[in-house]
Amino acid sequence: MMKIKRMVFLLVVFLAFIPECINAAMPDFGPDGMAGLSEAQKQELARGKTVFTLTATSPDEQSGLIEAAIVFDRSPEETWNLFYHTEDQYKYLKELEMSRVITKAQLEDKIEFRVRALFITQTFRVIHHFDKPDYYFYWGLDPDFKNDLADLRGFYRFYPYGRGRTLARYGSNVSVKNVPKFIEDIFKKSGVSKSLASVKKYIDSGGTYRK
């Protein structure tokens, strides 16, 4: 009986860590970051366009994986250094009213974000994990904070793209149940497209662009 109880306990612990393990697995887009893109999408990238893929992960499409590829007019090193300061996102993302540092270290930070529209405020904390050698970082909600979002996960990975430019592969997955529609729209494709346009202005400007 004790052996069975121990096996059940270990199984529960294992299952509890599956989402974080999946989130932490670094996506492989090939040596040049182009894996999974069609020739037409590659041509759009070359013309300065952002290209998207969308994969629903639930039948009602209330949560889904949105992936995008975008080119920045800065080197991977410059791009990384700008993205590393995640607390600066409120400066260039229009939907953010505030982004505040809770903790900041070389490999991980914790940032509190606040989104406000009309008379509704949504607050959540995000933990970012940084892997500079691979120009990769990913994030998820702080499980110890009472977040107004049900779930939020995502990643960026950067690749050299020609001389002094960067190809960024992006992905995000959000659960938007029981939140206002304006919050849902921010994290779905139309909202992500607008946010990435602001991100591109910020990175291409070397961090001087303001919303």
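Engineer: Looking at this model, I keep getting lost on the pattern of salt bridges. Mind explaining?
Structural biologist: For side chains of opposite charge, pairing can occur when their charged atoms come near one another. All told, the structure shown has 13 salt bridges when counted by the stated rule. Measuring nitrogen to oxygen at the nearest pair gives 3.0 Å for the salt bridge that ties arginine 165 to aspartate 73. In this pair, arginine 165 is assigned in the loop between β7 (151–160) and β8 (166–175) and aspartate 73 in the loop between β2 (63–72) and α3 (76–84), connecting sequence segments 92 residues apart. According to the relative accessible area criterion, aspartate 73 is partly exposed, its value standing at 37%. Connected through shared salt-bridge partners, Glu87, Lys104 and Asp109 make up one network.

Engineer: Explanation requested: the side chain of aspartate 142 in the structure shown.
Structural biologist: Among the secondary structure elements, aspartate 142 is positioned in the loop between β6 (136–141) and β7. Classification of aspartate 142 as buried rests on a relative accessible area of 3%. Of note is the side chain of aspartate 142, whose polar atom sits 3.4 Å from the side chain of lysine 110. With residues up to four places along the chain from it excluded, the contact list for aspartate 142 reads Lys110, Arg125, Val126, Ile127 and Asn147.

Engineer: What exactly am I supposed to notice about the side chain of lysine 200 here?
Structural biologist: Here lysine 200 lies in helix α5 (residues 189–204). In this structure, lysine 200 is in contact with Ile70, Val71, Phe72 and Asp73, ignoring residues within four places of it in sequence.

Engineer: Would you explain the packing of aromatic side chains in this entry?
Structural biologist: Think of a pair of aromatic rings as described by two things: how far the centres are apart, and how the planes are tilted against each other in angle. Scanning the entire structure with this criterion turns up 21 aromatic pairs. Ring geometry for phenylalanine 83 versus tyrosine 156: centroids 4.6 Å apart, planes at 45°, classification tilted. Of the two residues, phenylalanine 83 sits in helix α3 while tyrosine 156 sits in strand β7, which places them 73 residues apart along the sequence. For the pair formed by phenylalanine 83 and tyrosine 156, the shared burial category is buried. Among the aromatic residues, those joined into a cluster by ring pairs are Phe72, Trp80, Phe83, Tyr84, Phe130, Tyr135, Phe137, Trp139, Tyr156, Phe158 and Tyr170. The ring centre of tyrosine 84 lies 4.4 Å from the NZ or CZ of lysine 104, which sits over that ring.

Engineer: Explain the pairing of β6 here, please?
Structural biologist: The side chains of a regular strand alternate between the sheet's two faces. Most of β6 sits out of view: six of its six residues are buried. Pairing of strand β5 (residues 120–131) with β6, which is carried by six bridges, proceeds in the antiparallel orientation. Counted as the bridge partner of valine 126 is leucine 141 from β6. Once β5 ends, the chain turns through four residues before running back antiparallel as β6, passing tyrosine 135 with a positive phi of about 50°. When β6 meets β7, the two strands line up antiparallel, connected through five bridges. Counterpart to phenylalanine 137 in the pairing with β7 is tyrosine 156.

Conventions and cut-offs
Residues numbered from 1 in each chain as written. Predicted model: local features only at pLDDT ≥ 70, side-chain atom pairs only at ≥ 80, totals over all residues. Heavy atoms only, no water. Salt bridge = Lys/Arg side-chain N within 4 Å of Asp/Glu carboxyl O. Helix = DSSP H or I, 4+ residues; strand = E, 2+ residues; numbered from the N terminus. Buried < 20%, exposed > 50% of the residue type's maximum accessible area, 1.4 Å probe, protein only. Polar contact = N/O pair within 3.5 Å; in protein donor to acceptor, adjacent residues only side chain to side chain. Contact = heavy atoms within 4.5 Å. Phe/Tyr/Trp six-rings, centres within 6.5 Å; stacked < 30°, edge-to-face > 60°. Lys NZ or Arg CZ within 6 Å of the ring centre and 35° of its normal. Pairing = 2+ DSSP bridges.

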